[in-house]
Structure formats: C-alpha cells, structure tokens
Amino acid sequence: SNDYRVVVFGAGGVGKSSLVLRFVKGTFRDAYIPTIEDTYRQVISCNKNVCTLQITDTTGSHQFPAMQRLNITKGHAFMLVFSVTSKQSLEELNHIYREIFDTKQNDNDTIPLILVGNKCDEEGQREVTADYAQEYCSKILKGCGYIETSAKTGHNVHEAFQELLSMDKTRNMSL
Ligand code: GDP
Ligand code: MG
C-alpha cells in the first residue's frame, strides 16, 4: 500500500503522546493522560507522489507483547523516545531495540530509527547528557541518529520526524 508507518516507542511518561500531538496538531498539554494506542494520519510527499504517513503512539513499556510485535512487524521506521530527565527511561529502550533489531535485521541492513531525548527544556532536571546519549546510540543502537526535543516548546519536534523519514533511503519523503 501507499502508507508509511512510523511507530513511537518509549517508557510511560517520557512524552511520546506529547511529541506526536505537537507534531500533528501543534498543541501541548501539561496533564498526563495515559495512552491506549492511537494512530494519526498525515498526507506527505513520497517519491513525487502523495502517501499517508501513519504515526502510531504506543502505550509504552507495558504493551501487550503481541501488540508490540505487530507494531514492529508493520512499522517502517521507529522513534525511540526517552526523557533526558530520566536515565532509567533510556535504559528501558534496550529491550525494545533488541526486539526491533531481531525482527527487522533481515529486511535490509539499516533500520530507519532515531533516538529522541525529550524534555530538553527541563535543563535543571537533566540526568542524561547529550554526550552520553550519543555514546548509547553508537554502542547500543548500532549508530542511529540522536536528537533532543521539547514537546513543550516545540523545539526540534518537526526536525525529529523529518530526520527519521530522511533515513529511509528506499523512498524520497518529505513533510
Ligand atoms: P507518554 O506517556 O510517553 O505518552 O507521555 P505524555 O506525552 O503523556 O507526557 C507525560 C508528561 O510529561 C505530561 O505531563 C506532559 O505534559 C509532560 N511532557 C511531555 N513532553 C514534555 C516536554 O518536552 N517538556 C516538559 N517539561 N514536559 C513534557
Ligand atoms: Mg502516551
């Protein structure tokens, strides 16, 4: 089909839903509303045609294993989100990365995947430095991209999605 599916993974509370809502609707809310699972659709340009970008906002680490597997199998590109205010939230990504890698490694050699350090507006609460996250990327995630965002201010949110789409060399996509 003509769909391009992006799946957003990460621990509860890191700002997955906030990032997706900021990107899709341009809004932000301070309240924490736990997500079941939501998919948002946007029309984008793909190989000089239009296609549908589907963004799946997952529940976080307590997903049903079958649901998680399905999301990985169907997904074309992955956004792994942690909060720079929680080292634990970065470590929780190890497991999901392994699942993605084990499922996708045979499809092609590079999996479009970006590590996103959200809540970079909370500088005083920071537990993960940009250097540490970069190193995590090169050592654990086999060299994916790293970007810091704030769903609250909107900093780098569009760029994170754009960067992820540009990693897929099999199609030429733009927002
Ligand atoms: P999710 O569980 O990963 O979907 O996280 P949510 O998007 O529901 O956000 C969890 C909490 O963090 C909410 O209270 C949000 O308002 C807050 N939050 C999300 N993104 C940011 C951000 O970039 N900066 C700050 N300061 N708070 C954020
Ligand atoms: Mg959520």
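Now for a quick tour of the structure. All figures in this text were calculated on a predicted structure; none of them were measured in a lab.

## Topic: the pairing of strand 4 (residues 77-83)
- Judged by how many residues are buried, strand 4 sits mostly within the fold: seven of seven residues are covered.
- Of the two faces of strand 4, the one holding Ala77, Met79, Val81 and Ser83 and the one holding Phe78, Leu80 and Phe82 are both buried throughout.
- Sheet analysis places strand 1 (residues 3-10) next to strand 4, joined by five bridges and oriented parallel. Along strand 4, the bridge assignment pairs valine 8 with methionine 79.
- Here strand 4 pairs with strand 5 (residues 113-118) via six bridges, running parallel. Across the sheet, residue valine 81 finds its bridge partner in strand 5, namely valine 116.

## Here's the deal with helix 2 (residues 65-74)
- Every buried residue of helix 2 is accounted for by Gln68, Asn71 and Ile72. Down the axis, helix 2 shows its buried residues gathered within 95 degrees of arc, on one side only.
- In this structure, the buried residues of helix 2 make contact with strand 1, strand 3 (49-57), strand 4 and helix 4 (93-104).

## Re the packing of aromatic side chains
- For the coordinates displayed, the defined rule picks out four aromatic pairs.
- A centroid spacing of 4.1 Å and a plane angle of 15 degrees characterise the contact between phenylalanine 23 and phenylalanine 161, whose relative ring orientation is stacked. In this pair, phenylalanine 23 sits in helix 1 (residues 16-25) while phenylalanine 161 sits in helix 6 (residues 157-166), placing the two residues 138 residues apart along the sequence.
- Using a relative accessible area of 3% as the deciding quantity, one classes phenylalanine 161 as buried.
- Sitting over the face of the ring of tyrosine 132, lysine 87 holds its NZ or CZ atom 4.5 Å from the ring centroid.

## Comments concerning the site of ligand 1
- Gly13, Lys16, Ser18, Asp30 and Asp121 are the nearest of the 20 residues found near ligand 1.
- The contact in question runs from an oxygen atom of ligand 1 to an N or O atom on the backbone of valine 14, over 3.3 Å.
- Measuring from a nitrogen atom of ligand 1, one finds a side-chain N or O atom of asparagine 118 at 3.1 Å.
- With the chains in place, 93% of the 580 Å² that ligand 1 exposes on its own is no longer accessible.

## Considering the nonpolar core
- Formed by 29 residues in total, the largest nonpolar core has its most connected members in Tyr4, Leu53, Met79 and Val116.
- Contributions of two or more residues to this core are made by strand 1, helix 1, strand 2 (38-46), strand 3, strand 4, strand 5 and helix 6.
- In terms of residue count, helix 6 provides more of this core than any other element does, five residues in total.
- Among residues more than four places away in sequence, those in contact with methionine 79 are Val7, Val8, Phe9, Ile114, Val116, Ala160, Phe161 and Leu164.
- If you look at the next biggest cluster of nonpolar residues, it comprises 23 residues, including Ile72, Val84, Ile100 and Cys137.

Conventions we followed
- Residues numbered from 1 in each chain as written.
- Chains lettered and ligands numbered in written order.
- Predicted model: local features only at pLDDT ≥ 70, side-chain atom pairs only at ≥ 80, totals over all residues.
- Heavy atoms only, no water.
- Buried < 20%, exposed > 50% of the residue type's maximum accessible area, 1.4 Å probe, protein only.
- Helix = DSSP H or I, 4+ residues; strand = E, 2+ residues; numbered from the N terminus.
- Pairing = 2+ DSSP bridges.
- Arc of directions from axis to C-beta.
- Contact = heavy atoms within 4.5 Å.
- Phe/Tyr/Trp six-rings, centres within 6.5 Å; stacked < 30°, edge-to-face > 60°.
- Lys NZ or Arg CZ within 6 Å of the ring centre and 35° of its normal.
- Near = heavy atom within 4 Å.
- Polar contact = N/O pair within 3.5 Å; in protein donor to acceptor, adjacent residues only side chain to side chain.
- Areas by Shrake-Rupley, 256 points an atom, 1.4 Å probe, with all protein chains shown as cover.
- Core = buried A, V, L, I, M, F, W, Y, C linked by side-chain atoms within 4.5 Å.

The values reported here are purely geometric and, on their own, carry no functional implication.
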